[in-house]
Structure formats: structure tokens, C-alpha cells
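Residue-level structure breakdown
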Amino acid sequence: MRSYILPLLAAATLKVTALPANEAKSEKRAVIDWTTAYQKANASLAKLSVGDKVGIVTGTGWQLGNCVGNTKAAGSIGFPSLCLQDGPLGIRYVNGVTAFAAGVHAASTWDIDLIRERGNFLGAEAKQLGIHVQLGPVAGPLGKNPMGGRNWEGFSPDPYLTGIAMAETIEGMQAAGVQACAKHYIGNEQERNREKMGSNIPDRVMHELYLWPFADAAHANAASFMCSYNKINGSYACENGGILNKLLKDELAFPGYVLSDWNAQHTTTGSANGGMDMTMPGSNFDTGGRTGVLWGSALQSAVQSGQVQQSRLDDMVRRILAAWYLVGQDQGYPTASFNSWRIGSSNVGGNHKTNVRAMARDGIVLLKNTDKVLPLKKPKSIAVIGSDSVVAPKGANGCADRGCNDGTLAMGWGSGTAEFPYLVAPLDAIKSQAQKDGTTVSASSNDNTGQGASAAQNAEVAIVCINADSGEGYITVERVAGDRPNLDPWHNGNDLVKAVAAVNKKTIVVIHSVGPLLLEPYIDNPNVVAVVWAGLPGQESGNGLVDILYGAASPSGKLPYTIAKQVNDYGTSIAAGDDSSWDLFIDYRRFDQQKIEPRFEFGFGLSYTNFTYSDLAVDGKPSAGPATGAKIPGGAKDLWDTVATVTAKITNSGGVAGAEVPQLYIGMPSSAPQAPPKQLRGFTKLKLEAGAGGTATFALKRRDLSYWDSGRQQWVVPTGDFTVSVGASSRDIRLTGKITV
Ligand code: NOJ
């Protein structure tokens with residue numbers, strides 16, 4: 001049997017030194033490099049007993065510790081009991097933290113600086129609370145299916161956009177001192193049957209879509225990965241040597257450790273030899289407490305009997321210690337100061353709400369704006385309608401893990417949630433603006449169509465707020481068991497919009513949603529003059545919305561997914577059993593390939609100003625053939641080399657300041673078999689005053705111009721002409737060029 005632990009066994013053979021250079025970024029970098037971290041880990045490893053080692057890799061058991069996951073301390077080396085805590089948008093089970101914008105909303109800002117800052121603030125709060133490992137960010141689900149219940153915890157079904165967001169978030173978090181955990185690895189694309197189902201993913205699809213953002217996570221020096229519940233090609237993720245040893249630890253040269261999702265471990269030796277490094281929570285949480293322990297003394301016996309090599313146990317521990325050293329947690333790191341099982345108070349939010357406000361605002365995507373009805377200009381009267389316009393009667397935290405949908409939606413439900421410190425609802429924020437403007441506000445804060453219509457009838461403008469929620473499958477909300485059953489708004493939102501639009505000629509629809517919805521019932525209704533896609537904005541929801549509605553800022557968000565005209569256009573469904581329907585064509589890749597007209601395409605978003613594109617220049621080209629470089633975290637080193645630079649001039653040719661997200665798409669030459677017509681390979685966000693111009697610069701890496709050749713098992717740059725398309729969305733291409741290889 002080939003051993004995949006060898007490349008990392010000895011620090012001497014470790015050629016993983018590169019930390020992405022981001023000197024220009026503001027936050028202080030707290031990380032050392034992996035080589036130094038491994039040297040320290042090796043020195044400490046030598047001092048540990050077998051019992052210590054087993055304690056480090058085995059969780060203490062469900063709810064047997066302050067955090068959702070805990071390990072045993074090893075006093076001889078000053079190694080603490082590690083505290084592992086959710087989650088991707090804020091810290092779970094503590095009051096007084098920040099409820100940030102959800103991942104999908106962060107993605108819709110397309111703003112790398114805000115995404116990085118969000119990660120850094122998340123990490124800073126975790127550190128203050130003594131959390132060693134923060135269980136995020138999320139690249140799986142990627143979003144194969146728009147109905148996937150947890151898509152909103154991650155970023156986008158486009159692997160490039162998700163990959164950038166993963167890397168920026170991880171670097172931001174780890175610079176603050178916490179260990180990031182890239183999850184759920186891999187193929188966990190739905191909630192239905194998630195603990196039993198199999199994802200049978202072809203090798204090329206795995207590489208080009210699902211593995212891609214995890215490669216970015218490894219490249220960003222993520223300390224840890226979480227293996228998922230599902231099977232991949234017949235074997236459970238947390239026991240799957242092909243996924244853990246071969247893809248992650250060998251091909252991606254991941255130096256950190258793999259911890260199991262909670263109860264995702266199935267056997268003692270299979271998981272150890274498959275490449276899992278830490279079991280969480282350490283016991284079976286379905287049976288509670290201390291039973292169902294698959295490692296602990298069972299692992300110790302397996303090592304004694306030779307079923308698991310001593311070197312494998314050492315490798316697990318070395319990885320865990322190295323990750324701890326990597327982010328500097330050996331130096332004065334706080335001890336967990338909260339208890340997950342009795343939610344108490346803290347005060348770690350600081351000024352982090354500035355990031356939430358900026359994302360709430362800049363992640364909003366303006367979809368329709370007839371005759372420039374927005375921004376609002378001191379209307380005489382406004383009606384604000386819908387249960388989504390107010391905080392739920394029970395309060396923003398009225399249901400555990402946000403498992404109800406009774407008021408304005410600002411995050412989904414499940415383990416990826418936080419307690420809101422406060423939640424500014426649309427009506428709250430509109431009322432304060434209205435007071436300044438002398439506008440009369442009438443409200444109907446439920447989803448009753450008759451009441452909504454009567455509130456709207458005599459108002460100059462009617463704002464209808466609707467939503468769609470989803471979450472993790474251990475909670476069922478209004479018969480939705482995680483995944484969405486359809487792409488409609490909840491609570492008959494379409495009827496509410498239609499009832500209001502029937503009586504008010506200036507109806508504005510505001511949508512809070514976990515993912516795409518079908519807008520067909522009203523999108524062409526002439527009385528629906530504006531549609532504001534407000535995503536999942538976190539605690540500053542209403543404030544960000546008012547910034548856009550009243551023009552304090554011009555909208556600059558772009559859709560991180562496609563909004564279709566009908567559900568079948570996505571070509572995917574939630575699988576009843578195992579899922580074998582995986583191909584390269586998800587989201588816009590499919591719409592392009594099948595020539596399906598979307599309602600709003602990937603990357604779309606209106607502004608209050610106009611941008612013109614000019615002066616495309618393409619400089620450089622890669623050599624043809626496979627990447628052959630030495631391995632660094634993320635894969636072959638040359639995959640990460642910049643091989644071509646594309647620039648374009650973007651000018652704000654409208655009347656107000658605004659921000660534009662120019663996007664670069666690559667079309668592969670025909671020598672690359674069956675490649676999607678175009679794939680996102682660059683974006684940037686330019687903030688431009690009226691009349692000002694700026695340069696968008698896209699650095700293309702070798703990986704960006706490669707496809708995965710399953711036969712050769714390599715990333716290959718094909719020969720021929722690559723199409724370079726730069727535009728304002730995936731279908732609004734303004735400039736084209738080519739790269740000939
Ligand atoms: C299960 C979820 O899938 C995972 O995301 C989470 O981190 C753990 N539970 C711990 O709460």
C-alpha cells in the first residue's frame with residue numbers, strides 16, 4: 001500500500017513554506033510558516049506519551065466541555081484542551097458577538113477587502129473568547145443545487161469566486177490568531193439523507209468544481225479541514241483514503257489536519273488509515289455523553305495491535321500541533337471563557353458592525369429599477385409590508401439556531417448561525433429615514449394580502465418585503481427539512497407582491513433569500529418598478545437596505561448565482577438516494593452550454609450610475625502542457641504562477657459615484673475537451689467617482705488556464721486560442737481578446 005503520510009512525516013522533507021504575500025493588507029499577520037511550525041511540532045511530539053497523543057486526536061465527548069468540540073490537554077508540552085466552535089458567520093452559542101453577513105451575501109459584494117476584513121473580525125472575536133478552531137469557512141456545499149439547504153453558509157456555485165472568498169476569509173481569520181476550518185470536505189451538497197447518501201463525482205468534475213475552492217483553502221494555509229458526512233464514490237468522506245490521503249494530503253500537499261464532522265466517523269481503523277486526524281465530538285452524540293467512542297482507547301489498542309501504524313498516530317498529532325504553532329496559539333492564547341450549553345454573555349463585537357453594515361449595503365443586488373424610481377427622493381408616503389419587514393414577534397433569537405422564519409430574514413438556520421446582538425429590520429431603518437424626510441409611513445407587518453393591499457393603496461410608494469429560508473437538516477421549519485422544496489418565497493410571498501402591485505403603481509420588492517428564487521410571477525408586472533435583492537445581510541440588514549433605497553450609496557452587488565426563469569433550467573434536483581448526476585455544468589456553465597436564457601444571469605447587478613469599458617490589453621501567456629512544479633499547499637507550485645495579465649479601463653460615465661465589478665471570463669480552446677463555454681477567472685471591485693476612470697487588472701494564474709486531464713492526472717494548459725471576455729456580468733461582455741498558446 002502506498003503511504004500518503006510520507007511527504008509530511010519529516011520536517012526535513014517538507015517543502016511547504018510559502019505564505020501568500022499580502023503585505024499591503026492591514027491586519028497583523030500572526031502566522032509563522034509551516035516548516036517552522038513542523039519543527040516545533042516535531043520537538044513537542046517527542047515528549048508525548050501514547051495516551052497524550054490519543055487525547056489530542058480524540059474529542060472529549062458530546063457536551064463534555066465548554067465548546068461544541070473539545071480535546072484533551074497535554075500538560076507536558078503546554079498544549080491546551082482545544083476549543084472548536086461554530087461557525088462561518090459568527091460565533092455560535094454566545095451573546096455579545098457579531099452576526100455577520102452570511103457567506104453567500106459576502107460573495108455578492110465581490111469585495112475582497114470586505115471579505116478579508118470579515119474573516120479577520122470573525123477571527124478576532126473567536127480569539128477573545130478562547131476559541132482555537134473556528135468551524136468555517138464553507139466551500140461545501142458549493143451550490144450544485146440551488147435548493148441545497150446550507151448553500152448560504154458558503155459563497156457561490158462558481159468555484160473561482162468561492163475559492164477567492166475562502167482564501168481571503170482564511171487568511172483574515174488566521175491573521176487574527178484563530179485556526180480556520182475549511183468545511184465540509186467534500187460532495188456534501190444537500191441536507192436530505194446527508195449522513196448516508198453517496199456523491200459519485202467523476203474525477204474531472206471533482207477537480208474543476210468541488211475541489212477547486214478547497215485547493216484555495218489549502219493554498220491559504222488553512223490549519224484544518226472538516227470531512228463531511230456523505231460518502232464519495234462508495235466510501236464515507238472521513239474514511240476515504242482517495243479523498244483525504246490522495247487528493248488532499250498528497251495532491252494538494254495539505255500540511256494541516258482533518259477533523260470529522262460531528263458523528264461523521266464510522267470506524268476506528270478505517271478513519272485513521274483513511275487520513276482523518278481528529279474525531280469530533282469524540283463520542284456518538286445521538287447516544288449522548290461517553291458512549292460510541294471510536295478512537296480514545298480503541299485507537300490506542302489499534303496502534304498496539306498494528307492495525308494502525310504508530311507513524312500514522314504521530315502524523316495526526318504532528319499535524320494538529322503544527323497548525324497550533326502555525327497561528328501562534330502557543331503564545332498566551334486565552335482560555336475558553338463561555339459555555340455553549342448555557343448561552344451566556346460576552347462583549348467581543350467591538351466595532352465589527354461596520355463590516356456588517358458595509359456588506360449589508362454592498363452585497364445588495366439591484367435587479368430592476370424602472371425609470372430610476374430608486375433612489376427614493378423624499379416620497380410623501382410609504383407603505384412597508386410583509387412579515388419580512390420587521391423583527392419576529394418572538395425576537396431575532398426567538399428560536400434555537402434560528403430555526404423559525406417569523407420575521408425579517410438575515411441568516412438561515414442550523415449550526416452556522418450566531419445570536420443576533422440586535423437586528424435592524426427594514427421597517428426600523430425606513431422609519432428613521434422617513435422621519436428625517438417628513439415621509440408618512442404605514443405598515444402591515446404580516447403576510448396577509450388584504451391588509452398589505454390596504455396599507456399600500458394610498459401610499460406613494462409600497463415596499464413589500466418577502467423571503468425564503470433554508471438550513472441544516474436537524475431542524476424542520478414549516479415542513480422544510482433543510483433543503484428547499486421549491487424556489488418560491490415563503491408565506492405566499494408572490495401573492496403578497498401581486499396584491500400590493502394591484503393597488504400601487506410604485507411597488508418595490510425587497511427579497512431576503514438564502515439563494516435564487518423564481519421571480520416570474522411579477523418581474524414583468526409594470527407596477528413592480530424595482531426589485532432589490534437584499535440577500536442574507538446579518539445584524540445591520542435594515543441600515544444597509546436604506547443606504548441603497550435612498551441612494552447614500554449606489555448599489556454595487558452582483559449575483560453570485562443565476563436566477564432562472566424556471567426551476568428545471570438548473571438541471572439538478574435533491575437526490576432521494578445516492579447522487580450520480582455530477583457534471584461540469586452547474587449554474588451559469590449549464591445555462592451557457594444549453595443556451596438557456598436566465599432571468600438574471602450570474603454576475604448581474606444594476607447601479608445608479610453607468611460604467612463604460614475600454615482599452616483591453618492582454619499581456620503574457622502560459623506554456624502549453626501540464627503543471628510540473630514542486631508541491632506546495634494547494635498543489636503544484638506553478639499552478640499558482642501568474643502567467644498572463646489582462647487590463648481594462650473602466651470609466652464611471654454616469655452622474656453619481658459608484659462601484660463596478662468588472663469580471664473576466666475565459667473560454668478554453670477546443671483542444672480542451674468539453675470545457676464550459678466560459679468560466680469566471682478574475683474580478684475586481686473599483687470604486688469610482690462620477691466621471692472618474694480606473695484600471696481593472698486581472699492576474700491569470702496557470703491554474704486559471706488549465707483543465708484537469710483525468711487520463712494524465714494533471715492540470716494541463718491546452719493549445720489554441722483562449723477567449724478573454726471582460727464584462728459587467730457573465731452575459732454583458734463588453735470587451736473581448738484572446739490568448740494564443
Ligand atoms: C454539524 C455541521 O455539519 C457542522 O458544520 C458543524 O460544524 C458541526 N455540526 C458542529 O456543530
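Just so it is clear, the model here is predicted, and its values are computed rather than measured.

For the chain, the helix and strand inventory stands at 17 helices and 29 strands. A globule of 741 residues ought to have a C-alpha radius of gyration of about 27 Å, and the chain, at 25 Å, matches this closely. In terms of principal-axis extent, the alpha carbons of the chain reach across some 80 × 60 × 45 Å. Each of the 741 residues in the chain was classed as buried or not, and the buried ones make up 65%. A separation of at least 24 residues holds for 78% of the contacts in the chain among residues at least 6 apart in sequence. Entry remark: accessible area of the chain is about 23,900 Å², with carbon and sulfur atoms responsible for 48%. Averaging the positions of the 66 positive and the 66 negative side-chain charges in the chain gives two centres separated by 2 Å.

Neighbouring the ligand are 13 residues; Asp86, Arg150, Lys183, His184 and Asp261 lie closest to it. Asp261 is positioned such that a nitrogen or oxygen atom in its side chain is 2.6 Å from an oxygen atom of the ligand. Coverage of the ligand by the protein chains reaches 95% of its 300 Å² of free accessible surface. Each residue belonging to the shell around the ligand can be placed in one class, and the counts come to 4 nonpolar, 2 polar and 7 charged.

Attention now moves to the state of the cysteines. For the coordinates displayed, the defined rule picks out 3 disulfides. What pairs with Cys67 in a disulfide is Cys83, and their sulfur atoms sit 2.1 Å apart. Between Cys67 and Cys83, the disulfide has an S-S torsion of -100° and is therefore left-handed. Of this pair, Cys67 sits in the loop between helix 3 (50-57) and strand 1 (69-70) while Cys83 sits in strand 2 (residues 83-85), and the two are 16 residues apart along the sequence.

Moving on: the packing of aromatic side chains. Taken as a whole and assessed by the stated rule, the structure comprises 22 aromatic pairs. Summarising the aromatic geometry, the rings of Tyr185 and Phe225 are spaced 5.5 Å apart at their centres and angled 75° between planes, so their arrangement reads as edge-to-face. Taken together, the positions of Tyr185 in strand 4 (residues 179-185) and Phe225 in strand 6 (residues 224-227) put the pair 40 residues apart, joining distant regions of the chain. Take Tyr185 and Phe225: they sit in the same class, and that class is buried. Consider the rings of Tyr570 and Phe591, whose centres lie 5.5 Å apart with planes at 75°: the pair is edge-to-face. Residue Tyr570 is found in the loop between helix 16 (541-549) and helix 17 (588-593), and its partner Phe591 is found in helix 17; the two are separated by 21 residues along the sequence. Phe591 shares its class with Tyr570; the two are buried. The ring of Trp582 carries the charged tip of Lys144 above its face, separated from the ring centre by 4.6 Å. It is Arg703 that lies over the ring of Trp212; its NZ or CZ is 3.7 Å from the centre.

This next bit is on the pairing of strand 9 (residues 257-260). Alternating positions in strand 9 separate into two faces, Tyr257 and Leu259 on one and Val258 and Ser260 on the other, with burial throughout. As defined by bridge partners, strand 6 adjoins strand 9 across 4 bridges and the pair is classed as parallel. Bridged to Met226 within strand 9 is Leu259.

Our focus in this paragraph is the pairing of strand 12 (residues 440-444). Direction of pairing for strand 11 (residues 381-385) relative to strand 12: parallel, over a ladder of 5 bridges. When the bridges of strand 12 are listed, Ile382 appears paired with Val441. For the crossover that starts at strand 11, traverses helix 13 (residues 426-437) and ends in the parallel strand 12, the hand is right-handed.

Looking now at helix 7 (residues 203-219). Structurally, the α-helix is built with 3.6 residues per turn, so residues lying three or four positions apart point the same way. The end-to-end C-alpha distance of helix 7 is 20 Å, clearly below the 24 Å that 17 residues give at a rise of 1.5 Å each. Taking the largest bend as the criterion, helix 7 deviates by roughly 65°, centred on Leu211, and proline Pro213 comes between one and four positions later. Within helix 7, 16 of the 17 residues are buried, which leaves it mostly tucked inside the rest of the structure. Directly beyond the C-terminal end of helix 7, a positive phi value near 65° is found at Asn221.

So, about the UniProt feature "domain: Fibronectin type III-like" (unreviewed entry) in the chain. The sites that UniProt annotates as "domain: Fibronectin type III-like" (unreviewed entry) are residues 660-730. Annotated as residues 660-730, this span is 0% helix and 52% strand, and its ends, taken at the C-alpha atoms, are 14 Å apart.

The next thing to look at is the sheet that holds strand 29 (residues 733-740). What links the strands of a sheet is backbone hydrogen bonding, and the strands pair in either a parallel or an antiparallel sense. Strand order in the open sheet formed by 4 strands is 23-22-28-29, and the pairing between neighbours is antiparallel. Both outer strands of the open sheet, strand 23 (679-683) and strand 29, are each paired with one neighbouring strand and no more. Direction aside, neighbouring strands of the sheet carry axes that sit 25° apart on average. Direction of pairing for strand 22 (residues 663-667) relative to strand 23: antiparallel, over a ladder of 4 bridges. Note on strand 23: the bridge partner recorded for Ile666 is Gln679.

Okay, the environment of His352 next. Along the chain, His352 falls in the loop between helix 11 (310-326) and helix 12 (353-362). Separated by 111 residues in the primary sequence, His352 and Ile463 place their C-alpha atoms 29 Å from one another. Setting aside anything within four residues of it in sequence, one finds His352 in contact with Thr98, Phe100, Phe121, Ala124 and Glu125.

What follows concerns the confidence of the model for the chain. In low-pLDDT segments, the atomic positions of the prediction should not be examined closely. A residue-level look at the chain finds 96% of positions with pLDDT of 70 or above and a mean pLDDT of 95. Residue range residues 1-26 is modelled with pLDDT below 50. Its contacts to residues more than four positions away, or to other chains, number 53 contacts.

Rules of the game
Once a new chain begins, its residue numbering starts again from 1 and follows that chain's sequence as written. Only residues with pLDDT of at least 70 are given local features in this predicted model, and only at 80 or more are side-chain atom pairs given and counted; all residues enter the totals for whole chains, interfaces and linings. Hydrogens and water molecules were not included; the side-chain quantities draw on all heavy atoms of the structure. Helix and strand assignments follow DSSP, with helices taken as H or I runs no shorter than four residues and strands as E runs no shorter than two, numbered in order from the N terminus. The quantity called the radius of gyration is restricted to C-alpha atoms. Its globule counterpart is 2.2 Å times the number of residues to the power 0.38. Only protein chains enter the area calculation, which uses a 1.4 Å probe; residues under 20% of their type maximum are buried, those over 50% are exposed, and those in between are partly exposed. Note on definitions: a residue-residue contact is assigned when non-hydrogen atoms from the two residues lie within 4.5 Å. Under the convention used here, a 1.4 Å probe and the Shrake-Rupley method define accessible areas, while residue burial counts only the protein chains that appear. Neither His nor the chain termini are counted; the positive set is Lys and Arg, and the negative set is Asp and Glu. All charge positions are set by atom: Lys at NZ, Arg at CZ, Asp at CG, Glu at CD. Definition of nearness: a residue and a molecule or strand are near each other if at least one heavy atom of the residue lies within 4 Å of the molecule or strand. Residues adjacent in sequence count toward polar contacts only when both atoms are side-chain atoms; beyond that, a polar contact is any pair of N or O atoms within 3.5 Å, and within protein one must be able to donate a hydrogen and the other to accept it. Polar here means any residue other than Ala, Val, Leu, Ile, Met, Phe, Trp, Tyr, Cys and Pro, which are nonpolar, and Asp, Glu, Lys and Arg, which are charged; Gly is therefore polar. In this description, the term disulfide denotes a pair of cysteine sulfurs within 2.5 Å. Here a pair means two rings of Phe, Tyr or Trp (six-membered ring of Trp) with centres within 6.5 Å. Their orientation is stacked below 30 degrees between planes, edge-to-face above 60, and tilted elsewhere. Put simply, a charge is over a ring when the Lys NZ or the Arg CZ is close to the ring centre, within 6 Å, and near the line of the ring normal, within 35 degrees. Note: two strands are recorded as paired if DSSP finds a minimum of 2 bridges between them. Note on handedness: a clockwise path from strand one over the helix to strand two, with the strands aimed away from the viewer, defines a right-handed crossover. What a helix should span is 1.5 Å times the count of its residues minus one. Here the bend at a residue means the angle between the axes of two seven-residue stretches, the one that ends at it and the one that starts at it. UniProt positions are given in the numbering used here, feature names are shortened, and annotations may be inferred rather than shown by experiment. Axis angles are defined between N-to-C directions and span 0 to 180 degrees, where every axis is a line fitted to C-alpha atoms and, for a helix, only to the segment in contact. Confidence of the predictor at the level of single residues is given by pLDDT, which spans 0 to 100.

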